[in-house]
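Examination of the molecular architecture
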Amino acid sequence: MTDGRLRDFDELAAEPFAAWCSGEAVAWGGAVVTPFQANVPVVIEGVGIYPGQYIFCDSSGAVVIPDSDIDEVLLTSTCSLGLGVFVLVRGLR
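Residues numbered from 1 in each chain as written. Predicted model: local features only at pLDDT ≥ 70, side-chain atom pairs only at ≥ 80, totals over all residues. Heavy atoms only, no water.

Here we look at the overall build of the chain
- What the chain contains, in helices and strands, is two helices and seven strands.
- Sequence-ordered secondary structure for the chain, helices as α and strands as β, is β-α-β-β-β-β-β-α-β.
- When burial is assessed residue by residue, the chain has 17% of its 93 residues classed as buried.
- Put simply, the chain shows about 7200 Å² of open surface, and 57% of that area lies on carbon and sulfur atoms. (Helix = DSSP H or I, 4+ residues; strand = E, 2+ residues; numbered from the N terminus. Buried < 20%, exposed > 50% of the residue type's maximum accessible area, 1.4 Å probe, protein only. Areas by Shrake-Rupley, 256 points an atom, 1.4 Å probe, with all protein chains shown as cover.)

Focus on the pairing of strand β6 (residues 61-65)
- In this sheet, β6 lies alongside strand β5 (residues 54-58) in antiparallel orientation, the contact comprising five bridges. Across the sheet, Tyr 54 pairs through a bridge with Ile 65, a residue of β6.
- Hairpin connection, β5 to β6: the antiparallel pair is bridged by two residues. (Pairing = 2+ DSSP bridges.)

Let's talk about the nonpolar core
- Grouped together as the largest cluster of nonpolar side chains are five residues: Trp 20, Ile 44, Ile 49, Ile 55 and Cys 57.
- With residues up to four places along the chain from it excluded, the contact list for Ile 44 reads Met 1, Thr 2, Asp 3, Trp 20 and Ile 49. (Core = buried A, V, L, I, M, F, W, Y, C linked by side-chain atoms within 4.5 Å. Contact = heavy atoms within 4.5 Å.)

A few points about a negative patch on the surface
- A surface patch of like charges, here negative, comprises Asp 10, Glu 11, Glu 15 and Glu 24.
- With respect to the helices and strands, Glu 24 occurs in strand β2 (residues 23-24).
- Judged by relative accessible area, Glu 24 falls into the partly exposed class, the value being 48%. (Patch = residues over 30% accessible without salt bridge, like charges linked within 9 Å, V, L, I, M, F, W, Y side chains within 5 Å. Salt bridge = Lys/Arg side-chain N within 4 Å of Asp/Glu carboxyl O. Lys, Arg positive; Asp, Glu negative; His and termini not counted. Charge placed at Lys NZ, Arg CZ, Asp CG, Glu CD.)

What to know about the confidence of the model for the chain
- Mean pLDDT over the chain: 75, with 80% of residues reaching 70 or higher.
- At the low end of the mean pLDDT range in the chain sits strand β7 (residues 85-88), at 50; at the high end sits strand β4 (residues 47-49), at 87.
- The model gives residues 88-93 a pLDDT under 50, and that stretch makes 19 contacts with residues more than four places away or in other chains. (pLDDT = per-residue confidence, 0-100.)

Focus: the pattern of salt bridges
- This model, assessed by the stated rule, comprises one salt bridge.
- A salt bridge links Asp 8 to Arg 7; the nearest nitrogen and oxygen atoms lie 3.1 Å apart.
- Classification of Arg 7 as partly exposed rests on a relative accessible area of 32%.

Some points on the environment of Val 40
- Relative to the assigned elements, Val 40 resides in the loop between β2 and β3 (42-44).
- Along the backbone, Val 40 and Pro 51 are 11 residues apart, and their C-alpha atoms lie at a distance of 6.4 Å.
- Not counting residues up to four positions away in its chain, the partners in contact with Val 40 are Ile 49 and Pro 51.

The structure is reproduced here in structure tokens:
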């Protein structure tokens, strides 16, 4: 997940991971990408995202699943997940 833009959506769709971004970029960003930080809280579209949270993403957007609801959500939604992907934001709480 990023609040930045990505490109090459067709190629990303073929990858074995989910990618969610704020929009499509048209310019190439360079051959080297250097991560700035990892396992830290971030704000994406005004929503706080913390390491260890569950996020459901699909082509329409993303939603944070509260820890207290994750078991029920996983049990009741397995038949209707479609192309969505659950992501555990890695790291410590």
